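If you want the building blocks of each chain, they are given just below.
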Amino acid sequence: MLTGGCYCGAIRYETDGTPRDETNCHCSICRRTTGAPFVTWFSVQSTQFRIVKGRPARFNSTEKGTRSFCSRCGTQIAFEHADFPNLIDITTSSLDNPDLVPPRDNTRTSSRLGWIVQNGLPNYRESRQQG
Ligand SMILES: [Zn+2]
Ligand SMILES: [Zn+2]
């Protein structure tokens, strides 16, 4: 079981899904919606992800993409895409122990900032499979 939540504690979640698609996303939307240079994500089956405390705010960052975050402290928690309703992406760094789910590659590197130091992981200029 992986557990996590937002910075202030208003939102808590858990998942018993097997992490997949662990990646550092360098797209401009991840960057601008967090204020961080890139965002590390992993995915699980939607049915295996549960909010156990609070209620995240949601907004559409693109026509088909929805991001969830704590409306109190701003921590971004999850990303869902209308074309992949059975999957949910979770921000690795909102886990209680992010070391449990290390990234396997870098995606959307066509948008990567010039001063990001290469980390030795495979680079994919666009998404490996989904947005
Ligand atoms: Zn919060
Ligand atoms: Zn992104």
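Presented here is a report on the structure given in the accompanying data block. Just so it is clear, the structure is predicted and the values come from calculations on it, not from any experiment.

The rules behind these values
- Residues numbered from 1 in each chain as written.
- Chains lettered and ligands numbered in written order.
- Predicted model: local features only at pLDDT ≥ 70, side-chain atom pairs only at ≥ 80, totals over all residues.
- Heavy atoms only, no water.
- Salt bridge = Lys/Arg side-chain N within 4 Å of Asp/Glu carboxyl O.
- Helix = DSSP H or I, 4+ residues; strand = E, 2+ residues; numbered from the N terminus.
- Donors = N, O, S within 2.8 Å, 3.2 Å for Na, K, Ca; no water.
- Buried < 20%, exposed > 50% of the residue type's maximum accessible area, 1.4 Å probe, protein only.
- Tetrahedral: all angles 85-135°; square planar, octahedral: opposite > 155°, others 65-115°.
- Pairing = 2+ DSSP bridges.
- Axes fitted to C-alpha atoms, helices over the stretch in contact; angles between N-to-C directions.

**Considerations on the pattern of salt bridges**
1) Next: Inspection of every chain in the model, using the stated rule, returns eight salt bridges.
2) Next: With a closest N to O distance of 3.2 Å, Glu 14 and Arg 50 form a salt bridge. Of this pair, Glu 14 sits in strand 2 (residues 12-15) while Arg 50 sits in strand 5 (residues 49-53); the two residues are 36 residues apart in sequence, bridging distant segments of the chain.

**Considering the coordination of the zinc ion (ligand 2)**
1) Next: Around the zinc ion (ligand 2), the protein supplies Cys 25 (SG), Cys 27 (SG) and Cys 30 (SG) as donor atoms, at distances of 2.2 to 2.3 Å.
2) Next: Along the chain, the residues donating to the zinc ion (ligand 2) are arranged with the sequence spacing C-x1-C-x2-C. Across the pair, exposure class does not vary: Cys 27 and Cys 30 are buried alike.

**Description of the coordination of the zinc ion (ligand 1)**
1) Next: Donor atoms from the polypeptide that bind the zinc ion (ligand 1) are Cys 6 (SG), Cys 8 (SG), Cys 70 (SG) and Cys 73 (SG), placed at 2.3 to 2.4 Å.
2) Next: Because the angles between the four donor atoms bound to the zinc ion (ligand 1) fall within 106 to 114 degrees, the donor set is best described as tetrahedral.
3) Next: In this structure Cys 70 comes out as buried when scored by relative accessible area, which is 2%.

**Observations regarding the sheet that holds strand 5**
The strands that make up a sheet are held in pairs by hydrogen bonds between backbone atoms, and each pair lies either parallel or antiparallel.
1) Next: Pairing within the open sheet is antiparallel, and its three strands lie in the order 1-2-5. Among the strands making up the open sheet, the edge pair consists of strand 1 (2-5) and strand 5. Mean inter-strand twist for the sheet, computed between neighbouring axes without regard to direction, equals 25 degrees.
2) Next: The pairing of strand 1 with strand 2 spans four bridges and is antiparallel. Bridging from a neighbouring strand, Gly 4 pairs with Tyr 13 of strand 2.

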